[in-house]
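Examination of the molecular architecture
Chain by chain, the residues run as shown.
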Amino acid sequence: NAGVIQTPRHKVTGKGQEATLWCEPISGHSAVFWYRQTIVQGLEFLTYFRNQAPIDDSGMPKERFSAQMPNQSHSTLKIQSTQPQDSAVYLCASSRLGGRGAETLYFGSGTRLTVL
Amino acid sequence: GDSVTQTEGLVTLTEGLPVMLNCTYQTIYSNPFLFWYVQHLNESPRLLLKSFTDNKRTEHQGFHATLHKSSSSFHLQKSSAQLSDSALYYCALSPASSGSWQLIFGSGTQLTVMP
């Protein structure tokens, strides 16, 4: 079991450019979560999918952020027109979600996004 | 809305002393799940322990916590700190409502254990 795989590990973009982050959940896990981590804000929830369907995107900045899960083996987080304040570590996590709310989240190593 | 409060941003103590990291939460739902995640330097967060049973002590890797619904608390404790315990600790809440199952994290407590 390779765990949750996130690529790339590091990404540097110029202000205004687009960034796409990839996540491969653990095989057999039905839920995928995206979080953003900064020193100031800690772990901020962005969005999550269950059985590939978007369930809750209440944490997503609406205008420039979007997420998709086209199949059970990967999810993408896309940030358009990146801004310096988007600089953070973006963490993807997956869980079995067989039970209600008690599931363990397994985090990937994260993608460190730096916007110059 | 649902929230988690960790009052200490930074805790520094000497090896061998007891550890207590505070966590309180707010939710309208009566059966929440509470978690502690630990993140060591250059690693991703991983589960340390979790609970949903009121007044029952949960233990793992020398740490323990008890969910007290009466005070909405889930403090993390350890009797004797080790150097390897230095890490960032997050308390988290899953309201376990019928809707979203997102995990709501507190702001984190950085624990530094000195020799």
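Residues numbered from 1 in each chain as written. Chains lettered and ligands numbered in written order. Predicted model: local features only at pLDDT ≥ 70, side-chain atom pairs only at ≥ 80, totals over all residues. Heavy atoms only, no water.

1. Topic: the nonpolar core
Rules: As used here, the term nonpolar core means buried Ala, Val, Leu, Ile, Met, Phe, Trp, Tyr and Cys residues forming a set that is joined through side-chain atoms within 4.5 Å. Each residue gets one of three labels from its accessible area relative to the maximum for its type: buried under 20%, exposed over 50%, partly exposed in between, using a 1.4 Å probe on protein chains only. Numbering of helices and strands runs from the N terminus; a helix is a DSSP stretch of H or I covering at least four residues, while a strand is a stretch of E covering at least two. Contacts are residue-level and defined by heavy atoms, with any inter-residue pair within 4.5 Å sufficient.
In this structure, Trp36(B), Leu48(B), Leu49(B), Phe74(B), Leu76(B) and Tyr89(B) are the most contacted members of the largest nonpolar core, which totals 25 residues. Going through the elements one at a time, β2 (10–14), β3 (19–21), β5 (33–39), β6 (46–51), β8 (63–66), β10 (87–94) and β12 (109–114) of chain B are the ones with two or more residues in this core. For this core, the leading source of residues is β10(B), giving 4 residues. Ignoring any residue separated from it by four or fewer positions in sequence, one finds Leu49(B) in contact with Leu34(B), Phe35(B), Trp36(B), Thr58(B), Glu59(B), His60(B), Phe63(B), His64(B), Ala65(B), Phe74(B) and Leu76(B). Counting residues in each nonpolar core, the second largest holds 22 residues, with Tyr48(A), Ala102(A), Phe107(A) and Ala92(B) among its members.

2. A few points about the sheet that holds β3(B)
Residues and elements named next belong to chain B. The cut-off we apply is this: For two strands to be treated as a pair, DSSP must find at least two bridges joining them. Inter-axis angles, ranging from 0 to 180 degrees, are taken between N-to-C directions of lines fitted to C-alpha atoms, where helices are fitted over the stretch in contact.
Strand order in the open sheet formed by 4 strands is β3-β9-β8-β7, and the pairing between neighbours is antiparallel. The outermost strands of the open sheet, each flanked by one partner alone, are β3 and β7 (57–60). Along the sheet, successive strands turn relative to each other by an average axial angle of 20°, direction set aside. For β3 and strand β9 (residues 76–78), the ladder comprises 3 bridges, and the chain directions are antiparallel.

3. Thoughts on the interface of chain A and chain B
Here is the rule we go by: When two parts are brought into contact, each loses some accessible area as probed by a 1.4 Å sphere; the total of that loss over both is the buried area. Within this document, salt bridges are pairs made up of a side-chain nitrogen of Lys or Arg and a carboxyl oxygen of Asp or Glu, the two lying within 4 Å of each other. The term polar contact refers here to a pair of N or O atoms within 3.5 Å; inside protein, the definition further demands a hydrogen-donor-capable atom paired with an acceptor-capable atom, and it admits residues adjacent in sequence only when both atoms are side-chain atoms. We call Asp, Glu, Lys and Arg charged. Ala, Val, Leu, Ile, Met, Phe, Trp, Tyr, Cys and Pro are nonpolar, and the rest, Gly among them, are polar.
Across the boundary between the two partners, chain A contributes 22 residues, which contact 21 residues of chain B. For the pair chain A and chain B, the summed buried surface comes to about 1800 Å²; carbon and sulfur atoms form 56% of the total. Where chain A packs against chain B, one counts 0 salt bridges. Remark: the boundary between chain A and chain B carries 6 residue pairs in polar contact (both at pLDDT 80 or more). Only β4 (31–38) and β5 (42–50) of chain A provide two or more residues apiece to the side of chain A that touches chain B. Looking at the side of chain A that touches chain B residue by residue, the classes come out as 10 nonpolar, 8 polar and 4 charged.

4. Some details on the pattern of salt bridges
Residues and elements named next belong to chain A. The full count for this structure, using the stated rule, is 5 salt bridges over all chains. Between Asp-57 and Lys-62 there is a salt bridge whose closest N-O contact spans 3.2 Å. On the basis of relative accessibility, which here comes to 42%, the residue Asp-57 falls in the partly exposed class. Arg-64 serves as the salt-bridge partner of Asp-86, at 2.6 Å between the closest nitrogen and oxygen. Of this pair, Asp-86 sits in the loop between β8 (74–79) and β9 (88–95) while Arg-64 sits in the loop between β6 (53–56) and β7 (65–71), and the two are 22 residues apart along the sequence.

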